[in-house]
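Inside the fold
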Amino acid sequence: MFFNFSQDVAIDLGTANTLIHIRGEGIVLNEPSIVAVDHKTGEVREIGYEALQMHERTHTEIETIWPLKDGVIADFKVAEQMIEGMLRKVRKNWLTRVRNMVVCVPSGITQVEERAVEDSGERAGAKHVRLVSEPMAAAIGIGLDIDEAVGNMVVDIGGGTTEIAVIALSGIVIDESIRVGGVELDNAIVQYFKRNHNLLIGSRTAERIKCEIGSAIEMDPEMEISVKGRDLVSGIPKLRTISSVNVREALHDNLDQIGAAVLRCLERTPPELGADVLERGIMLTGGGAMLHGLDVMLRERVELPVYIAEDPLTAVVRGTGEVLENLEKYKRVLI
């Protein structure tokens with residue numbers, strides 16, 4: 001009797017979250033891209049959600065590490081351990097091996113960074129590692145027909161980067177990649193309250209503030225949230241009430257950079273493809289697309305229709321999974 005102990009997997013290896021799609025099963029894992037490492041032994045203590053619970057709460061012997069920065073691998077060893085650990089979580093049994101792995105990467109990635117991703121996938125046990133760019137994966141994931149001689153514009157706002165691309169005939173005609181994403185927005189909130197309110201908050205608290213009351217446009221009514229942080233004057237933990245107006249002010253500069261990048265991409269787009277974008281609109285994907293009013297802000301900035309894709313957070317991994325399931329069909333989009 002023959003048993004098939006091989007898996008084909010697609011991975012959205014993100015700065016903030018890693019999602020895994022297995023051929024024939026769909027999305028099987030969505031966890032934070034973080035690893036808790038024991039300083040003494042160098043061993044991995046926890047990966048994903050378990051490591052996130054330890055983040056900013058560890059003692060000197062344990063360090064929590066985000067191995068990806070700005071969409072690319074910053075710590076190769078830890079990245080390999082994270083990929084291995086996440087694959088173990090979805091492995092059917094200890095004999096299962098990964099045959100084909102498709103990983104999405106930022107469109108502005110260098111050849112050295114490409115090689116780093118391929119090496120990490122191979123060391124994690126994959127026999128064949130193929131790469132696809134994030135905006136292309138996002139376009140496929142939301143159901144756009146990338147084969148047509150028609151321009152589609154996708155803006156993918158991830159954890160580490162914002163990827164903007166005009167796609168036609170299974171290729172990227174114009175692309176723009178800026179290192180502004182969800183992590184940068186969280187950091188902007190931390191710095192704003194440190195600078196303007198003498199309040200030091202953690203990155204997890206900043207993310208909660210962004211998700212609950214963050215916005216790109218005025219809210220009606222404006223919202224408030226109670227936040228615990230350390231008063232930088234007295235050094236004592238305090239409870240403060242924070243307004244959505246303050247959060248919007250904190251996010252303004254980074255959101256302005258995203259709007260400027262979209263404009264730059266439109267300015268470089270050939271006229272015929274630009275006409276297609278005018279007719280079809282701009283599609284927003286990635287976790288950042290869920291920020292309240294971001295589509296309205298961009299619509300006013302570029303004077304074009306802007307739409308948020310259905311389930312924007314999983315658009316890239318759905319597209320990467322579609323490429324994995326139909327490798328022959330999508331071989332032209334592989335890097």
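For clarity, every value in this text was computed on a predicted model and none was experimentally measured.

**Considerations on the sheet that holds strand β3 (residues 26-32)**
Pairing is mixed in the open sheet, where 5 strands are placed in the order β3-β2-β1-β9-β10. Both outer strands of the open sheet, β3 and β10 (128-133), are each paired with one neighbouring strand and no more. Neighbour-to-neighbour, the strand axes of the sheet open up by a mean angle of 20 degrees, direction not taken into account. In this structure, strand β2 (residues 17-22) lies alongside β3, joined through 6 bridges in antiparallel fashion. Its bridge partner lying in β3, isoleucine 22 is registered against glycine 26.

**Side note on the pattern of salt bridges**
Side-chain pairs of opposite charge can arise where the charged atoms are in close proximity. All chains considered together, the criterion is met by 23 salt bridges. Between arginine 299 and aspartate 295 there is a salt bridge; the shortest N-O distance is 3.5 Å. Here aspartate 295 and arginine 299 lie together in helix α9 (residues 294-302), a separation of 4 residues that amounts to about one turn. On the basis of relative accessibility, which here comes to 35%, the residue arginine 299 falls in the partly exposed class. By relative accessible area, aspartate 295 is classed as buried at 15%. Residues joined in a network through salt bridges with shared partners are Arg115, Glu118, Asp119 and Glu122.

**Digging into the pairing of strand β16 (residues 237-243)**
Judged from the 7 bridges that link them, strand β15 (residues 224-231) and β16 form a sheet pairing that is antiparallel. Directly across from lysine 228, in β16, lies its bridge partner leucine 239. Between β15 and β16, which pair antiparallel in sequence order, lie 5 residues; one of them, glycine 235, sits at a positive phi of approximately 80 degrees.

**Details of the nonpolar core**
Membership of the largest hydrophobic core comes to 44 residues, with the highest contact counts inside it found for Met153, Ile189, Ile201, Ile242, Leu255, Val262 and Ile282. The element that contributes the greatest number of residues to this core is helix α7 (residues 244-268), accounting for 9 residues. Per-domain counts for this core show at least three residues from each of domain 2 (145-180 + 267-312) and domain 3 (182-250). Not counting residues within four places of it along the chain, the set of residues in contact with isoleucine 242 comprises Phe193, Leu199, Ile209, Ile213, Met223, Glu224, Ile225, Val227 and Val247. Among the nonpolar cores identified, the runner-up in size contains 30 residues, and Val37, Met82, Val103 and Ala126 belong to it.

**Overview of unusual backbone geometry**
The step from aspartate 220 to proline 221 runs through a cis peptide bond, and the omega angle for that step is 0 degrees. Secondary-structure assignment places proline 221 in the loop between α6 (203-213) and β15. Here glutamate 56, not a glycine, exhibits a phi torsion of approximately 65 degrees, which is positive. Checked against the element boundaries, glutamate 56 lands in the loop between α1 (49-54) and β6 (62-65). Its relative accessible area of 47% is what places glutamate 56 among the partly exposed residues.

**What about the UniProt feature "binding site: ATP" (unreviewed entry) in the chain?**
Using the residue numbers shown here, the UniProt feature "binding site: ATP" (unreviewed entry) corresponds to Thr15, Ala16, Asn17, Gly159, Gly160, Thr161, Glu207, Arg208, Ile209 and Lys210. Within the fold, glycine 159 resides in the loop between β11 (152-157) and β12 (162-168). Discounting residues that sit within four places of it in the chain, glycine 159 has contacts with Thr15, Ala16, Gly181, Gly182, Val183 and Glu184. With respect to the element layout, glycine 160 can be found in the loop between β11 and β12. Here glycine 160 is in contact with Thr15, Asp70, Gly71, Ile178, Arg179, Val180 and Gly181, once residues within four sequence places are set aside.

**What about helix α5 (residues 182-197)?**
Relative to the 22 Å expected for 16 residues at 1.5 Å per residue, α5 spans 22 Å between its end C-alpha atoms, a close match to the ideal helical length. All of the buried residues in α5 are Gly182, Leu185, Asp186, Ala188, Ile189, Val190, Tyr192 and Phe193. Close packing links the buried residues of α5 with β14 (199-200), α6, β16 and α7.

**Digging into the state of the cysteines**
The final tally for this structure, using the stated rule, is 0 disulfides. Free of any disulfide, cysteine 104 has its nearest neighbouring cysteine sulfur in cysteine 265, separated by 19 Å. The class for cysteine 104 is buried, based on a relative accessible area of 2%.

**Describing the domain arrangement of the chain**
Often the size quoted for an interface is simply the accessible area lost on bringing the parts together. One can read the domain layout of the chain as domain 1 (6-137 + 316-333), domain 2 (145-180 + 267-312) and domain 3 (182-250). A C-alpha centroid distance of 29 Å is found between domain 2 and domain 3. Counting residues at the interface gives 10 residues for domain 2, matched by 9 residues for domain 3. Summed over both partners, the interface of domain 2 with domain 3 buries about 790 Å², with 72% contributed by carbon and sulfur atoms. Of all residues in domain 2, the largest losses of buried area upon contact with domain 3 belong to Gly159, Leu291 and His292, amounting jointly to 56% of the total for that side. For the pair domain 2 and domain 3, the number of links is 4 residue pairs in polar contact (both at pLDDT 80 or more). Taken together, the residues that form the side of domain 2 that touches domain 3 break down as 5 nonpolar, 4 polar and 1 charged.

Calculation rules
- Residues numbered from 1 in each chain as written.
- Predicted model: local features only at pLDDT ≥ 70, side-chain atom pairs only at ≥ 80, totals over all residues.
- Heavy atoms only, no water.
- Pairing = 2+ DSSP bridges.
- Helix = DSSP H or I, 4+ residues; strand = E, 2+ residues; numbered from the N terminus.
- Axes fitted to C-alpha atoms, helices over the stretch in contact; angles between N-to-C directions.
- Salt bridge = Lys/Arg side-chain N within 4 Å of Asp/Glu carboxyl O.
- Buried < 20%, exposed > 50% of the residue type's maximum accessible area, 1.4 Å probe, protein only.
- Core = buried A, V, L, I, M, F, W, Y, C linked by side-chain atoms within 4.5 Å.
- Domains from an automatic or database assignment.
- Contact = heavy atoms within 4.5 Å.
- UniProt positions renumbered as here; feature names shortened; annotations may be inferred.
- Expected span 1.5 Å × (residues − 1).
- Disulfide = S-S within 2.5 Å.
- Buried area = accessible area lost by both parts, 1.4 Å probe.
- Polar contact = N/O pair within 3.5 Å; in protein donor to acceptor, adjacent residues only side chain to side chain.
- Nonpolar A, V, L, I, M, F, W, Y, C, P; charged D, E, K, R; others polar.

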